[in-house]
Amino acid sequence: MENANGSVPDIPIQELKEKKNADSVENFSQRVDEMVGKVDQLEQRLNDVEHFYSNTSKKQSNTPRGSSILKDKEKQISSFKRRQQDASRREAAGARRMQELVRQFGTILRQITQHKWAEPFMEPVDVEGLGLHDYFEVIEKPMDFSTIKRKMEAKDGSGYKHVREICADVRLIFKNAMKYNEERHDVHVMAKTLLGKFEEKWLQLLPKVDEEEKRRKEEEAEVQQDMQLAQEAAHAKMAKDLSIELDEVDMQLEELREMVLQKCRKMSTEDKKKLGNGLTRLSPEDLNKALLIVAQSDPTFQPTATEVELDMNAQSESTLWKLKFFVQDVLHAQGKSPASIVPNTINNNNILNNNNNKRRREICDALAKSSQKRSKKPS
């Protein structure tokens, strides 16, 4: 907008300052919001990692501890990598072994079904044709050799998964016949005889079946161990990434803290007096922490000396404000009112107390706490 003479009017300096301050507060608020979202995500991931390792430690609570555990873990990981490479080969080998057992079992079936007494058991019982009206009341699960053959040849996944399942159905054929027919009935006698012959032949195959089952259990245990190791590796990587991201958050908190300190107005004599009064209200332990904050900025200051003199006028503005934030945090935790010892910042707006949201408060409090954490490190 121009004046009548064409010149641009001057913008009042106070207005420029207020606009600049407002932009600073808005920028600070935006960065805090971003950090709140990031901390929430980190917190969820941290909970997942803690939950995983908590469950893992419970499972391993009865295992021996010591260097042997580390060696065993290294061996497990090395073995895990090898098994991962051979997984498809092992699976194919297991399938071939089971097919071979089924083939050998098929030989037994042919010998039984070719017996002269096998005819009544080859097809489903003709309940209506034979007038067996109570058959389904007595027999819960009918079975016959044609049904077994169809399931053995199924290609849609509905067939038998284990040779023992076939064995169980063969027994069911004969037991159904023995259950429905009386002992003196021809069908009962035929079923009992064929069942005896089947059991004799099954006993010859059983050692191979037991060996395969034992081998499968070992492989299943290896698979479970592989899954556990894979989960441990994934969560170890997650924990490492979390550590890196937490360091980044700490650096961002430090940047925000420095931003606040730079925007804080210069302390007056009255402010320094109130700060001194606030320090006297601290416990000995908290007072020592406050002195460490001073020592962080002034290497010549001896916080552990028998007698310590703290000259407020000799401290930098940054140190004074660090002390203010620290005292405010401590007194707030103790349930004491810190309002009388912490002056307002620019435009009488205390940025750290401007939002009642709990998560924002935690982030803002961390700005003050960071000075306490850093004071524990060497100067």
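Located above this text is the structure these notes cover.
Residues numbered from 1 in each chain as written. Predicted model: local features only at pLDDT ≥ 70, side-chain atom pairs only at ≥ 80, totals over all residues. Heavy atoms only, no water.

Along the polypeptide, Arg97 turns up in helix α2 (residues 67-113). One polar contact links Arg97 to Glu212, side chain to side chain, over a distance of 2.7 Å. In contact with Arg97, not counting residues within four places along its chain, are Glu212, Arg215 and Glu219. (Helix = DSSP H or I, 4+ residues; strand = E, 2+ residues; numbered from the N terminus. Polar contact = N/O pair within 3.5 Å; in protein donor to acceptor, adjacent residues only side chain to side chain. Contact = heavy atoms within 4.5 Å.)

With that settled, the discussion passes to the packing of helix α4 (residues 145-152) against helix α5 (residues 163-180). Where α4 contacts α5, the two axes come as close as 10 Å, and the packing angle between them is 170°. Considering the angle they form, α4 stands roughly antiparallel to α5. Crossing of α4 against α5: the hand is right-handed. Of the residues in α5, those in contact with Phe145, Ile148, Lys151 and Met152 of α4 are Ile166, Asp169, Val170, Ile173 and Phe174. Residues that form the contact of α4 with α5 fall into these classes: seven nonpolar, no polar and two charged. (Axes fitted to C-alpha atoms, helices over the stretch in contact; angles between N-to-C directions. Parallel < 35°, antiparallel > 145°, perpendicular 65-115°, else oblique. Left-handed = near helix turned anticlockwise from the far one by under 90°. Nonpolar A, V, L, I, M, F, W, Y, C, P; charged D, E, K, R; others polar.)

Let us look at helix α9 (residues 317-333). With 17 residues, α9 extends 24 Å between its outermost C-alpha atoms, agreeing within 8% with the 24 Å of an ideal straight helix rising 1.5 Å per residue. Buried residues dominate α9, accounting for 13 of its 17 residues. Phi for Gly335, located one or two positions after α9, is positive at around 80°. (Expected span 1.5 Å × (residues − 1). Buried < 20%, exposed > 50% of the residue type's maximum accessible area, 1.4 Å probe, protein only.)

For the coordinates displayed, the defined rule picks out ten salt bridges. Across the pair Arg164 and Glu213 runs a salt bridge whose closest N-O atoms are separated by 2.4 Å. With a gap of 49 residues between them, Arg164 in helix α5 and Glu213 in helix α6 (residues 186-263) connect regions that are remote in the sequence. One salt bridge in this structure joins Lys289 and Glu285, with 3.9 Å as the shortest N-O distance. Of this pair, Lys289 and Glu285 both sit in helix α8 (residues 284-297), four residues apart, which is roughly one turn of that helix. Salt bridges here are not isolated pairs; linked through shared partners, they connect Arg97, Glu212 and Arg216. (Salt bridge = Lys/Arg side-chain N within 4 Å of Asp/Glu carboxyl O.)

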